[in-house]
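Structural description and commentary
If you want the building blocks of each chain, they are given just below.
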Amino acid sequence: MGKQINNSLLGHIRPRQITAGALRLRATFCLGGFSFLAFIVLTITGMLLLFFYQPGDRAFTSLSEINSVLPYGGFIRALHFWAGQMMVISVFLHMVRVVWSRAYRPLRELNWITGVVLFSLTVILDYSGYLLRGGQESGSAATVGHALFTSLPGGQALATIFFGQPSSFNGSTLNMYVWHVFILAGAVSFLQMFHFWRIRRGGGVRPL
Amino acid sequence: MDPSESEKPQLQAKVHSGLQEKVPLEELQVREYISIFIGLGLLFALTAGVKVPLDSSPKAAAIGISKAPWVFGSIQWLLQRWPAWLSGWVLPLLSMSVLLTLPWWGAKVGKKWAWRIFLILSSVWVGLTFLYLWGEGGFPA
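It should be emphasised that the depicted structure is a prediction, and the values quoted were computed from it without experimental measurement.

Thoughts on the overall build of chain B
Of regular secondary structure, chain B possesses six helices and one strand. Counting from the amino terminus, helix and strand elements in chain B follow one another as α-β-α-α-α-α-α. Looking at chain B residue by residue over its 141 residues, the buried ones come to 18%. Counting only contacts in chain B whose residues sit at least 6 apart along the sequence, the fraction spanning at least 24 positions is 61%.

A few points about the domain arrangement of chain B
The assigned domain composition of chain B is domain 1 (9–49) and domain 2 (70–136). Spacing between the C-alpha centres of domain 1 of chain B and domain 2 of chain B amounts to 33 Å.

Considering the nonpolar core
Residue and element names in this part refer to chain A. The biggest cluster of nonpolar side chains holds 56 residues, and the ones touching the most others in it are Ala38, Val41, Leu79, Trp82, Ala83, Met87 and Leu131. The element best represented in this core is helix H6 (residues 73–100), accounting for 13 residues. When neighbours within four sequence positions are excluded, leucine 131 is seen to be in contact with Ser138, Ala141, Ala142, Gly171, Ser172 and Met176.

Quick word on the interface of chain B and chain A
Listed as interface residues are 45 residues of chain B and, on the opposing side, 59 residues of chain A. Those elements that provide at least two residues to the side of chain B that touches chain A are strand E1 (22–24), helix H2 (25–49), helix H4 (84–100), helix H5 (102–109) and helix H6 (111–136) of chain B. Ranked by the residues each element gives to the side of chain B that touches chain A, the list is headed by H2(B), at 11 residues. Of the residues in the side of chain B that touches chain A, the class split is 27 nonpolar, 10 polar and eight charged. Pairing of strand E1 (residues 17–19) of chain A with E1(B) involves three bridges; the strand directions are antiparallel. Of the residues in E1(B), the one forming a bridge with A:Thr19 is B:Lys22.

A look at the packing of helix H4 (residues 31–50) of chain A against H6(A)
All names here are of chain A. Viewed as axis vectors pointing N to C, H4 and H6 meet at an angle of 155°, and their least axial separation amounts to 8 Å. By the angle between their directions, the pair H4 and H6 is classed as roughly antiparallel. Once H4 is placed against H6, the crossing between them reads as left-handed. When grouped by side-chain class, the residues that make up the contact of H4 with H6 number 15 nonpolar, eight polar and two charged.

The rules behind the values
Residues take numbers from 1 onward in each chain, read along the sequence in its written order. Chains carry letters from A onward and ligands carry numbers from 1 onward, assigned in written order. With pLDDT at 70 or above as the cut-off, local features in this predicted model cover only qualifying residues; side-chain atom pairs require 80 or more to be listed or tallied, and sums for whole chains, interfaces and linings still use all residues. Think of it this way: any DSSP run of H or I at least four residues long counts as a helix, any run of E at least two long counts as a strand, and we number them from the N terminus. Note on burial: count the other C-beta atoms lying within 10 Å of the residue's C-beta; 20 or more is buried, 12 or fewer is exposed, in between is partly exposed, and C-beta positions come from the backbone. It is the C-beta atoms, placed from the backbone, that decide contacts: two residues are in contact if theirs lie within 7 Å. For every domain, the bounds stem from an assignment made automatically or drawn from a database. Definition of nonpolar core: a set of buried Ala, Val, Leu, Ile, Met, Phe, Trp, Tyr and Cys residues joined via C-beta atoms within 7 Å. For this classification, Asp, Glu, Lys and Arg are treated as charged, while Ala, Val, Leu, Ile, Met, Phe, Trp, Tyr, Cys and Pro are nonpolar and the rest, including Gly, are polar. Strand pairing follows a simple DSSP-based rule, namely that at least 2 bridges must link the two strands. Lines fitted to C-alpha atoms define the axes, with helix axes restricted to the stretch in contact, and inter-axis angles between N-to-C directions lie between 0 and 180 degrees. Here the word oblique covers every angle except those under 35 degrees (roughly parallel), over 145 (roughly antiparallel) and from 65 to 115 (roughly perpendicular). In this scheme the handedness of a crossing depends on how the near helix is turned from the far one: anticlockwise by less than a right angle means left-handed, clockwise means right-handed.

So this is what it looks like as structure tokens:
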């Protein structure tokens, strides 16, 4: 049974042996790993918040209930918030490390591009999560974003697809909810798996 | 002893020593478990130690703010001074395209200049973010 697992896909996700240099802290500073850990925490806490959060007009009310009425609701919400902020910071620092160690060189260009796209999606996820808070601050942030989109030719349609119809007092809409919970999060999940596979295919972390 | 036989083991030891030596995956996994504990500990400490307030209620009196989450603070700072097409689209997209094409122009300018240019670009955006936060009076949670 153990041999079958080893010979299966699960057994090949990670190599059986790695280079000793990859064990050193300064090979990666665990930044990529911490980013993925933050994403897992975000996914788990996000799924828990899904049970009670309601987008749109009831966004602020549902968040207030999660924060003050639901047992551990405030903790889950705060953990989701901090994991999000730390993920943005760790992904940025991971990018700095990759440039410093020149891990973008051939044949890793595609993985570098994937990483930059992941960074952009992480930032956009942070922004969309901010809009889902449903208060006046999120409303003003949505107004700024909406105005940026409408400044483009044909931007009104794009703005409607992305933002829906936010008010200046509430940035939470069903559109933004779908983008944040399903489309953007799904894209990040898929690209992360591709990113890890490319690292594995490229021979893993190169010792500095 | 045959001289060729005494040379072979030493040659193999030289090739596999140092950073290129192969070690079992378990060595890395132990370090990863420790890092997970430290990472989760940091997250839990932040969660327990720093409150995350709610926004102002949409039903409350309007407070008349123009605010952005800190990740877009740099763009917000630029938007307050320059036209939207420049601050919101041209500069961010230009920076993103410089980042995306780094492997190609980095090979042309050499590793020192690639690092310097990347550092300058990142520092500008990070600096603008801190400028925005300083103007807003702190970290807007």
